[in-house]
Amino acid sequence: KKKSKKAVVDALPHNVGVNILSLGVGTFPTDGGITFNPSSSSTAPPRKDTGTSSTTSVVTFTADTVDSIGRAGSPAEATANYARKSSIFMRMADLEVLATDLSPVKEQQSSERHYDHPSVDPPPGVDRDPKERWVALDTGTGGSNHAPVAPYAVDALCMGGYNSAMNPTMWKADKKTDKILRECPEWSSLVWSKGGGAVAVPPPKGSLYEKSVLIWSGQFQHGLYGGDLPTVRAMGLVNMSPRAIVDLLVDSSRVHEYNKMSLGRTDVLVLQNSLEEGSPFPGITKVVQSESQPPLLRKRLQFVTLMHARRLEGGNGYIIVSRAVTRGEEPVDVKGDILRSEILMGINIILDVEGDENRAIMINQNHIRSPMVPMFIAKKIGLSAAEGFFDDIRALEKSSPV
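Treat the numbers as computed from the prediction; the structure is a model and nothing was measured. (Residues numbered from 1 in each chain as written. Predicted model: local features only at pLDDT ≥ 70, side-chain atom pairs only at ≥ 80, totals over all residues. Heavy atoms only, no water.)

Asker: Any chance you could explain the overall build of the protein chain here in plain terms?
Answerer: Along its length, the protein chain carries eight helices and 15 strands. Within the protein chain, the proportion of its 402 residues that are buried is 45%. Taking as baseline every contact in the protein chain between residues at least 6 positions apart, the subset at least 24 positions apart corresponds to 64%. Put simply, the protein chain shows about 21100 Å² of open surface, and 54% of that area lies on carbon and sulfur atoms. (Helix = DSSP H or I, 4+ residues; strand = E, 2+ residues; numbered from the N terminus. Buried < 20%, exposed > 50% of the residue type's maximum accessible area, 1.4 Å probe, protein only. Contact = heavy atoms within 4.5 Å. Areas by Shrake-Rupley, 256 points an atom, 1.4 Å probe, with all protein chains shown as cover.)

Asker: Would you mind showing me how to read the side chain of E397 here?
Answerer: Within the fold, E397 resides in the segment after helix 8 (375-394). Take E397: its relative accessible area is 15%, and that puts it in the buried class. Engagement of the side chain of E397 in a polar contact is seen with the side chain of K211, the distance being 3.4 Å. (Polar contact = N/O pair within 3.5 Å; in protein donor to acceptor, adjacent residues only side chain to side chain.)

Asker: What am I meant to see in the pattern of salt bridges here?
Answerer: Oppositely charged side chains are able to pair whenever their charged atoms sit close together. Overall, the coordinates contain 18 salt bridges when judged by the stated rule. Across the salt bridge formed by E112 and R84, the nearest N and O atoms sit 3.3 Å from each other. Placement of the pair is E112 in the loop between helix 3 (95-98) and strand 5 (134-136) and R84 in the loop between helix 2 (75-79) and strand 4 (88-91), with a sequence separation of 28 residues. Taking the shortest distance from any N to any O, the salt bridge between E257 and R254 comes out at 3.0 Å. By relative accessible area, which is 24% here, E257 ends up partly exposed. (Salt bridge = Lys/Arg side-chain N within 4 Å of Asp/Glu carboxyl O.)

Asker: Which parts of the structure should I look at to understand the nonpolar core?
Answerer: Across soluble globular proteins, nonpolar side chains show a tendency to be buried alongside one another. M90, W187, M235, I349 and I361 are the most contacted members of the largest nonpolar core, which totals 58 residues. Looking at which element gives the most residues to this core, the answer is helix 4 (residues 150-165), with nine residues. Apart from residues no more than four positions distant in its own chain, M90 is found in contact with L95, R133, W134, V135, L137, A153, L157, L306, R323, A324 and V325. Counting 28 residues, the second largest nonpolar core, distinct from the first, contains A244, I320, M362 and I393. (Core = buried A, V, L, I, M, F, W, Y, C linked by side-chain atoms within 4.5 Å.)

Asker: What exactly am I supposed to notice about the packing of aromatic side chains here?
Answerer: Evaluated as defined, the whole model comprises four aromatic pairs. Taken together, a centroid distance of 6.3 Å and an interplanar angle of 85 degrees make the contact between F389 and F390 edge-to-face. The residues F389 and F390 share a single accessibility class, namely buried. Joined through ring pairs, the aromatic side chains of Y258, F389 and F390 make up one cluster. Sitting over the ring of Y225, R91 keeps its end group 3.5 Å from the ring centre. Directly above the aromatic system of Y318 lies the positively charged group of R311, at a separation of 4.4 Å from the ring centroid. (Phe/Tyr/Trp six-rings, centres within 6.5 Å; stacked < 30°, edge-to-face > 60°. Lys NZ or Arg CZ within 6 Å of the ring centre and 35° of its normal.)

Asker: What is the right way to read the side chain of T177 from this model?
Answerer: Within the fold, T177 resides in helix 5 (residues 175-183). The residues touching T177, leaving out its near neighbours within four places in the chain, are V213, L214, I215 and W216.

Asker: Before we go on, may I ask you to explain the environment of L157 in this structure?
Answerer: Along the chain, the position of L157 falls in helix 4. Residue L157 is classed as buried on the basis of its relative accessible area, which comes to 0%. Spatially, the C-alpha atoms of L157 and M345 are 8.5 Å apart, while their sequence positions differ by 188 residues. If near-sequence neighbours (up to four positions away) are discounted, L157 is found in contact with M90, L95, L306, V321, S322, R323 and M345.

Asker: Where do I start with the pairing of strand 8 (residues 231-238) in this structure?
Answerer: Note on strand geometry: in a regular strand, side chains alternate between the two faces of the sheet. For strand 8, the tally of buried residues reaches eight of eight residues, placing the bulk of the element in the interior. What you see with strand 8 is no split at all: T231, R233, M235 and L237 on one side and V232, A234, G236 and V238 on the other are buried throughout. Sheet analysis places strand 7 (residues 213-218) next to strand 8, joined by six bridges and oriented antiparallel. Paired with V213 across the strands is G236, a residue of strand 8. As paired elements, strand 8 and strand 15 (residues 356-369) share seven bridges and run antiparallel to each other. Opposite V232, over in strand 15, you have N366 as the bridge partner. (Pairing = 2+ DSSP bridges.)

Dropping the structure here:
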């Protein structure tokens, strides 16, 4: 039962003087912010040591002003550069497991969660998972301003994706692939080779296995988000230059050329639009939104994805990595005909071929989450799409520039 102000005063020792002063009013909005507006008469009592008085100024604390250890920081410093509601976020926990050679970012007392280091705190509207780590890719302030931690996150995605695609312990070949690997020494020697700067030697042109598509199914063992879902790996030879393939895949206006299920893809945020190495990213880095209409599904699938392309360290090809991202303020599907899905891990490794600059070895990995899609349908679509992708790319070989 609430006590009146008089009851509170009466309960105190009689030799204690009490001054009740209204400082102002404040609000606790649903976005986690705290605002305080002082009243016009909210003047602090005179200090005995100086006899002077001071007035209370307006202070606004938001979720952005609280650092990773829960203390309120300086509102001016914390909110001037970052806007959480408008930022784009990416999951990181599994990448810090897969990217074994990458040193993790150390959390500093003065650093800002999500922007300077990964944080367990989820973006707005996402349930908290104590095992997860999140980073912001941009500052949310408009333009192409990347978060300080974004280059680290992109490096982790490249390293983690490459390591998973080239890890034989997590993959099981289908029967047709097993047969090819037994009969074709070129494919057998290439299948798990990490290159180390050397160019690939595939089956020769016109040979029986030149048009083979090798397929594996696998599953991540990290026990984190999406680890229970199957993933697919595919490998094949394409008679196009590696650079031409990269240019094709990163150009959002050309998706319909090789993806018959695509309903279009647009660039949402471009952080770097050049393959040339430079600061802060060593290649093309952007966020794209795409929609597709797979067979067997009535609803359209929508993906919002980080895409990054760069040269491999050894210089013998390229890698393109993709991963789902979450926007602080998600648009609402009013019609209900869109099924939001996630590319948990998308990898395209494109290797140079020895003696022929217009041929390339492609290794693709797809790990996709589509809520409400039964597991057996998702796996069937994934296996079919992995082989169909090579058919669609190869259909463009004659029209491709060298």
